[in-house]
Amino acid sequence: MQPFPKSALKFVYEECIKPFKWAFLGCMLLILADSFVRNILNWFMAQLIEVVKGGVSSEALYQSLLIIAAIALCDIFNVYLPKQVLMYRQKELYFPVRERILTKSMHYLFGHSTNYIVNKQTGSLLAKSEQISATDQVLSVLIVVFWQYLCEMGIKTFLLLAINIYLGLLFVLCVILTALVNYYANKTSERLSKMENKASSIYTGWLVDAISNIRLVKQFNRAEYEKKRLSVLLRQYIKIKARSMIAWFTSYTGVGCFIHICSLSMLTYAVYLWSSERINVGDIVFVLLTVNGGFMYLMELCIHFRRFQVNLAGIQAGLEPFNDNHEIEDQPKAKQLKIKKAEIEFKDVCFAYPNREKLFDKFNLKIKAGERVGIVGLSGNGKTTLVNLLQRAYDIQDGEILIDGQNIKFVTQQSLHRSMAVIPQEAVLFHRSLKENIAYGLDKVSDRKIIQAAKTACADEFIRQLPEGYNSQVGDRGCKLSGGERQRIAIARAVMRNSPILILDEATSSLDSESEYIVSKAVSNLLGKRTVIAIAHRLSTLKEMDRIVYLENGKIVEEGTFDQLKKKNKGKFAKLWQIQQVEAQNETF
Ligand SMILES: Nc1ncnc2c1ncn2[C@@H]1O[C@H](COP(=O)(O)OP(=O)(O)OP(=O)(O)O)[C@@H](O)[C@H]1O
Ligand SMILES: [Mg+2]
């Protein structure tokens, strides 16, 4: 999938205007018609005054009636068109544009690697997605304000020039002056509005941080501190907001006064032209009806222009995660991974995290089909990285990782992920029902199968004790369940998935002995004939493994069955085993 264009303006054009060019054109035509009708209505009114001014006659009466009929027709359009413009704009342009941007950005986010998403704050990613979907604001200014303004001013200037060339030129001069005055008057309020945005985001950022860490805040009894800190930030924000509002109000009033001066000047000049018989009464009426509204439009245009700049800056800031290329993509002709036996091989694998030393240098490990391999080693020695590489969470720099002889780099990520089930140390659940969590990853599943999976995972019993059983909601990330319960749901999920490869990354290490016993039982139910890679700190949980590999600095330093390694003289595994035996004895006393 292609990233979005880097520049905000190009993004608006490529993603919001180009795909909707006909709707855009339709909108512009409607606005042109709307402006035309409004101005021509004023012109007819001026003509009516001109006719009735000449005194009563049958011809004047006839002409008046004709003009009134034209006014009535314009009036109908004048009521109908603005509503039509509004509806058309929303329905044909804003909503579809928003849907397109939100869908594309959501798809793009899913294409990023887990590592990319984990390294960013989830909240900020979502906020950015929302920021770029606010393109309707930019479009609204482009279409409604700029185009509408252009139509209004163009038609007004044309009609005024037609009445009297100097009157038209004076109007153009006033328009330029008003724009300049507006620009300078807005400068202070612009600076303050930037400060206001900054103060607002500091306050919101702190609030989100405190609320999302509410458990920590309460545990450390820091609620009062957080509240005080937030109150200070809130006060600063409100203060700047008030200053910004006063500045805006002052500039708005100033420009408003200037606009009135312009209108009065035009009116005075129109009267002067009338006194020298160069224009008639009707023309004065037209000036009266037209000019003030025109300047008001100009004032609004300046306000909207500011909004346009702010929104464009927002879009630019929001584009970042949608400009970053996907780090891991399927090769152009990637094939489906075909699992026959589920044999895994790491062949001369070289890997280093960005800006870090090499973690694996020509690493080799072959896991036979249906073999259960336990991986042990001290913290930070690359165990989790190894299973992450197997899932292609990162691309290796050299070597190959093969599953049944197929290089994982050349198969689709979807088929690769489908081939394995992972039970991590911290089982994370969705804020959905237990049923949905267990059946996650499968489209149509019967209740009977879900219950069966829960039974295999030793979870059925505790689920039935919950008030709503399998329909119970598990809370945010599964917070309504204990660690052991969450772990068993994750195991049930793996049972349902029935993948040929099973990865356990310290699946029981955060549990107490009793829960560990239950979860281990659930795990043994799950092992079956799969190819298994199990990482564990607590060595006793690896007794069922066919082979154990001891990893140190990304290298295999010991290898063998549980019993062989346990008895190995001066072996690293044996030493670790002894330490854990002593610890276990101390715990029992
Ligand atoms: N995303 C990352 N970016 C950079 N370095 C990383 C990243 N993840 C892990 N590392 C580093 O790679 C090394 C191996 O980490 P890894 O998580 O694979 O260790 P581990 O053996 O699983 O440790 P533990 O037993 O504590 O889980 C560590 O030095 C770690 O700091
Ligand atoms: Mg780890």
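Residues numbered from 1 in each chain as written. Chains lettered and ligands numbered in written order. Predicted model: local features only at pLDDT ≥ 70, side-chain atom pairs only at ≥ 80, totals over all residues. Heavy atoms only, no water.

A. Just the overall build of the protein chain, in detail. When its secondary structure is counted, the protein chain shows 20 helices and ten strands. The globule rule puts the C-alpha radius of gyration for 589 residues at 25 Å, and the 36 Å found for the protein chain is more than 25% above it. The buried share of the protein chain, reckoned over its 589 residues, is 44%. Restricting the contact set of the protein chain to residue pairs at least 6 apart, pairs at least 24 apart contribute 77%. A total of about 32600 Å² of accessible surface is found on the protein chain, and carbon and sulfur atoms cover 58% of it. For the protein chain, the distance from the average site of its 74 positive side-chain charges to the average site of its 56 negative ones is 2 Å. (Helix = DSSP H or I, 4+ residues; strand = E, 2+ residues; numbered from the N terminus. Rg over C-alpha atoms; globule rule 2.2 N^0.38 Å. Buried < 20%, exposed > 50% of the residue type's maximum accessible area, 1.4 Å probe, protein only. Contact = heavy atoms within 4.5 Å. Areas by Shrake-Rupley, 256 points an atom, 1.4 Å probe, with all protein chains shown as cover. Lys, Arg positive; Asp, Glu negative; His and termini not counted. Charge placed at Lys NZ, Arg CZ, Asp CG, Glu CD.)

B. Broad picture of the side chain of R392. For R392, the position within the fold is in the loop between α12 (383–390) and β4 (398–403). For R392, the side chain forms a polar contact with the side chain of D395, separated by 2.7 Å. Look past the residues within four positions of R392 in its chain and what remains in contact with it is I328, E329, D330, I408, K409, V411, Q413 and L416. (Polar contact = N/O pair within 3.5 Å; in protein donor to acceptor, adjacent residues only side chain to side chain.)

C. Examining the domain arrangement of the protein chain more closely. We note that the domain assignment places domain 1 (1–163 + 316–327), domain 2 (165–278), domain 3 (335–419 + 501–513 + 529–589) and domain 4 (426–498) within the protein chain. Domain 1 and domain 4 are separated by 49 Å when their C-alpha centres are compared. (Domains from an automatic or database assignment.)

D. Representation of the sheet that holds strand β6 (residues 420–423) within the structure. Reading across from one edge, β6-β7-β8-β3-β9-β10 is the order of the six strands in this open sheet, with mixed pairing throughout. Single-partner strands in this sheet number two, and they are β6 and β10 (555–560). On average, each strand axis in the sheet is tilted by 20 degrees relative to the strand beside it, whichever way the strands run. Along the sheet, helix α17 (residues 483–497) makes contact with β6 and β7 (501–505), crossing β6 at roughly 175 degrees. (Pairing = 2+ DSSP bridges. Axes fitted to C-alpha atoms, helices over the stretch in contact; angles between N-to-C directions.)

E. Structural view of the sheet that holds strand β1 (residues 344–352). The antiparallel open sheet is built from four strands, whose spatial order is β2-β1-β4-β5. The open sheet has two edge strands, β2 (358–367) and β5 (406–407), and neither has a second partner. Pairing of β1 with β2, which is carried by six bridges, proceeds in the antiparallel orientation. Counterpart to F351 in the pairing with β2 is F360.

F. Examining the pattern of salt bridges more closely. With the rule as written, the count across this model stands at 21 salt bridges. D361 serves as the salt-bridge partner of K358, at 3.6 Å between the closest nitrogen and oxygen. The partner of E559 in a salt bridge is R547, and the shortest N-O contact between them spans 2.5 Å. On the criterion of sequence distance, the pair formed by E559 in strand β10 and R547 in strand β9 (residues 547–552) is long-range, its members being twelve residues apart. The class for E559 is partly exposed, based on a relative accessible area of 42%. Residues joined by salt bridges that share partners form a network here, namely D34, R38, E152 and K156. (Salt bridge = Lys/Arg side-chain N within 4 Å of Asp/Glu carboxyl O.)

G. Highlighting the site of ligand 1. Near ligand 1 lie 14 residues; those nearest to it are S379, G380, K383, T384 and T385. Contact distances for ligand 1 include 3.2 Å between an oxygen atom and a backbone N or O atom of N381. Between ligand 1 and H537, the relevant distance is 2.9 Å, taken from an oxygen atom to a side-chain nitrogen or oxygen of the residue. For the shell around ligand 1, the element with the most residues is α12, which contributes three residues. Residue classes in the shell around ligand 1 are distributed as three nonpolar, eight polar and three charged. (Near = heavy atom within 4 Å. Nonpolar A, V, L, I, M, F, W, Y, C, P; charged D, E, K, R; others polar.)

H. Region of the structure containing the packing of helix α3 (residues 58–111) against helix α6 (residues 135–163). Following both chains from N to C, one finds α3 and α6 inclined at 145 degrees, their axes separated by 9 Å at the closest point. Here the hand of the crossing between α3 and α6 comes out right-handed. Contacts from R89, L93, Y94, V97, R98 and I101 in α3 reach T135, D136, L139, S140, I143 and V144 in α6. Classifying every residue of the contact of α3 with α6 by side-chain character gives seven nonpolar, two polar and three charged. (Left-handed = near helix turned anticlockwise from the far one by under 90°.)

I. Structural view of helix α1 (residues 8–17). For α1, the set of buried residues is A8, F11, V12, E15, C16 and I17. One side of α1 holds all its buried residues, which, seen down the axis, span an arc of 155 degrees. (Arc of directions from axis to C-beta.)

J. Layout of unusual backbone geometry. Within the chain, R392 stands out as a residue other than glycine whose phi angle is a positive 55 degrees. On the basis of relative accessibility, which here comes to 4%, the residue R392 falls in the buried class. At D404, a residue that is not glycine, the phi angle is positive and equals roughly 50 degrees. With respect to the helices and strands, D404 occurs in the loop between β4 and β5.

K. Local environment of the nonpolar core. Counting residues in each nonpolar core, the largest one holds 71 residues, and the members touching the most others are L139 and I143. Residue assignment for this core shows that the elements contributing at least two residues are α1, α2 (21–53), α3, α5 (122–133), α6, α7 (165–212), α9 (223–275) and α10 (281–318). Of the residues forming this core, the biggest block, 13 residues, is contributed by α3. For this core, the two domains that each supply at least three residues are domain 1 (1–163 + 316–327) and domain 2 (165–278). Within the second largest apolar cluster, 47 residues are counted, among which are A427, A522, A534 and Y550. (Core = buried A, V, L, I, M, F, W, Y, C linked by side-chain atoms within 4.5 Å.)

L. Main features of the packing of α7 against α9. Closest axis-to-axis distance for the α7/α9 pair is 9 Å, and the angle between their directions is 175 degrees. Classed by the angle they form, the pair α7 and α9 counts as roughly antiparallel. Looking at the contact of α7 with α9 residue by residue, the classes come out as 32 nonpolar, nine polar and five charged. (Parallel < 35°, antiparallel > 145°, perpendicular 65-115°, else oblique.)

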